[in-house]
Amino acid sequence: MIEKTAGDKKKFSIAVINGDGIGPEVMSEARAIASAAASREGASLEWSDYPFGASHYLMTGEILPESAIREIGQHDAMMLGAIGDPAVKPGILERGILLALRFVFDQYVNLRPAVSYPNVPVPVPSGGPIDSVVVRENTEDLYMGLGSVSEDGLLESPLDLERGGYSLRGHLSLSVSPRMGFAAQVALNTRHGTERIARYACETARRRGEDRVTIVTKSNAAPALYGFFEDTAKSVIESEFPGIEWSTVNVDALCYHLVRNPSAYGVLLCPNLFGDIVSDLQAGLAGGLGTAAGGNIGGGLSMFEPVHGSAPDIAGTGRANPIAAILSGALMLRHLSLEGAAVAVERAVRTYLEGASSDERPFEFGGSASCGQVGAAVMKNI
Ligand code: NAD
Ligand code: IPM
Ligand code: MN
């Protein structure tokens, strides 16, 4: 990480894509609060805005040019609001911007804590506070984008891609008889990809003072893909992490157990697709997507973003809850080694939620505070 000093202030350069829907609304609060918290710790954040997202695409046809990727890569960290708009076919912007950034910068960890906050109504009573974290593999599985649709029963599709650590070369050649339309999408979990995320999950457990990692699987239905993930993770844990135990849970049973006992789990090590799904479930159980923060972390540029999407159903109404974006800013500050600033943001959110009257809470929690009012109330506690 490049750390510059001007006078006695540490300066960090942050690339930002506000993106679509509620992205700009929640990011405006998250940025102001991250900057204020950093400055309390004698650091400053310099934000560079990138316009990519639906309106830029609809106006210019541009998704995410190479030159911008190179520029973004020069920053110390990145934040992203949300990508996706009903006016654009699903996948074009999500794959072209969000997933492209995760892959290009080899952000192999998607870290998604699920935490209970005070006065947040929850759908299911929990045995105790929820304090769990999804450690989601972020570059492989069904997300590789390999495959296509055939209308005539014949499919020829190249399988070429670059990942941090390896290149894949090959070709998918399929025919269906009798001829009919079909779709094929190839999923891949590599030893390299699985080992490194298993290590990160174990390190996360150690940081949390825990001795268990739960491997989320579906090896009963997809033994090649998820049996491999499970076996590889187990052998990393057994051979490299004495004192850490593994257990496995099928993803369907996990959903069931989570709903019945939301605070039952600590570190959940997930392949990419299950991690996506389970993190929304966890968010729902902890009170809402509006508090679910996330980080896409790798050896190069890391990118911090809420778990939620662009929420077109509430965009522009002021009903978006900015807390998830604000807490994603805290994860970024921690990543930049500004631990005091990260803690200040987390405490400010807690203090606000503890003290807020029912009206002063976000709409998501039954209140009537707008996105800007929630941001301003959190800011007062920084
Ligand atoms: P979503 O997360 O945008 O919304 C799901 C539900 O949660 C909606 O009812 C929404 O109003 C609510 N919600 C989400 N964030 C909220 C917040 N901060 N405060 C209050 N309520 C909130 O998921 P979706 O509807 O499936 O997706 C909408 C678009 O976002 C799609 O284009 C999708 O591809 C995209 N998406 C992007 C990201 C991302 O950029 N990281 C993540 C998920 C979905
Ligand atoms: C998320 C989102 C993305 C994902 C989509 C928008 C591609 O749901 O960040 O959780 O599936 O990873
Ligand atoms: Mn998701």
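Residues numbered from 1 in each chain as written. Chains lettered and ligands numbered in written order. Predicted model: local features only at pLDDT ≥ 70, side-chain atom pairs only at ≥ 80, totals over all residues. Heavy atoms only, no water.

When helices and strands are tallied, the protein shows eleven helices and 17 strands. Looking at the protein residue by residue over its 382 residues, the buried ones come to 52%. The contacts of the protein with a sequence gap of at least 6 include a subset with a gap of at least 24, amounting to 74%. Accessible area of the protein: about 15,800 Å², with a carbon and sulfur share of 52%. Put simply, the protein has 31 plus and 44 minus side-chain charges, and the middle of one group is 3 Å from the middle of the other. (Helix = DSSP H or I, 4+ residues; strand = E, 2+ residues; numbered from the N terminus. Buried < 20%, exposed > 50% of the residue type's maximum accessible area, 1.4 Å probe, protein only. Contact = heavy atoms within 4.5 Å. Areas by Shrake-Rupley, 256 points an atom, 1.4 Å probe, with all protein chains shown as cover. Lys, Arg positive; Asp, Glu negative; His and termini not counted. Charge placed at Lys NZ, Arg CZ, Asp CG, Glu CD.)

Now for the domain arrangement of the protein. Segmenting the protein into domains produces domain 1 (1-107 + 293-382), domain 2 (122-143 + 187-286) and domain 3 (145-186). The straight-line distance from the C-alpha centre of domain 2 to that of domain 3 is 28 Å. Counting from both sides, the interface comprises ten residues of domain 2 and, opposite them, eight residues of domain 3. Scanning the region where domain 2 abuts domain 3 turns up four residue pairs in polar contact (both at pLDDT 80 or more). For the side of domain 2 that touches domain 3, the secondary structure elements donating two or more residues are β7 (141-150), β12 (182-188) and α5 (191-207). With three residues, the single largest contributor to the side of domain 2 that touches domain 3 is β7. (Domains from an automatic or database assignment. Polar contact = N/O pair within 3.5 Å; in protein donor to acceptor, adjacent residues only side chain to side chain.)

On to the site of ligand 1, then. The full set close to ligand 1 counts 21 residues, and Ile83, Glu94, Gly309, Ala311 and Asp313 are the nearest of them. For ligand 1, an oxygen atom lies 2.8 Å from a polar atom in the backbone of alanine 311. Asparagine 321 is positioned with one of its backbone polar atoms (N or O) 2.9 Å from a nitrogen atom of ligand 1. Relative to its unbound accessible area of 800 Å², ligand 1 is 69% covered by the protein chains. Residues that form the shell around ligand 1 fall into these classes: ten nonpolar, six polar and five charged. (Near = heavy atom within 4 Å. Nonpolar A, V, L, I, M, F, W, Y, C, P; charged D, E, K, R; others polar.)

Quick look at the pattern of salt bridges now. By the definition in use, this model includes 15 salt bridges. Note that arginine 102 is salt-bridged to glutamate 305, the shortest N-O span being 2.7 Å. Taken together, the residues arginine 102 in helix α4 (residues 92-104) and glutamate 305 in the loop between β17 (303-304) and α9 (323-335) connect sequence positions 203 residues apart. Arginine 102 sits in the buried class, given a relative accessible area of 4%. When the shortest N-O distance is used, the salt bridge between arginine 334 and glutamate 346 registers 2.9 Å. (Salt bridge = Lys/Arg side-chain N within 4 Å of Asp/Glu carboxyl O.)

Here strand β8 (residues 154-158) shows one buried face, formed by Leu155 and Ser157, and one open face, formed by Leu154, Glu156 and Pro158. Alignment of β8 against strand β11 (residues 171-175), held across five bridges, turns out to be antiparallel. Bridge pairing links serine 157 to leucine 172 in β11. (Pairing = 2+ DSSP bridges.)

This next bit is on the side chain of arginine 112. One can find arginine 112 in strand β5 (residues 109-115). Its relative accessible area of 4% is what places arginine 112 among the buried residues. Within the local environment of arginine 112, its side chain forms a polar contact with the side chain of serine 279, the two groups lying 2.9 Å apart. In this structure, arginine 112 is in contact with Arg102, Ser132, Val133, Val134, Arg136, Asp276, Ser279, Ala293, Gly294, Glu305 and Val307, ignoring residues within four places of it in sequence.

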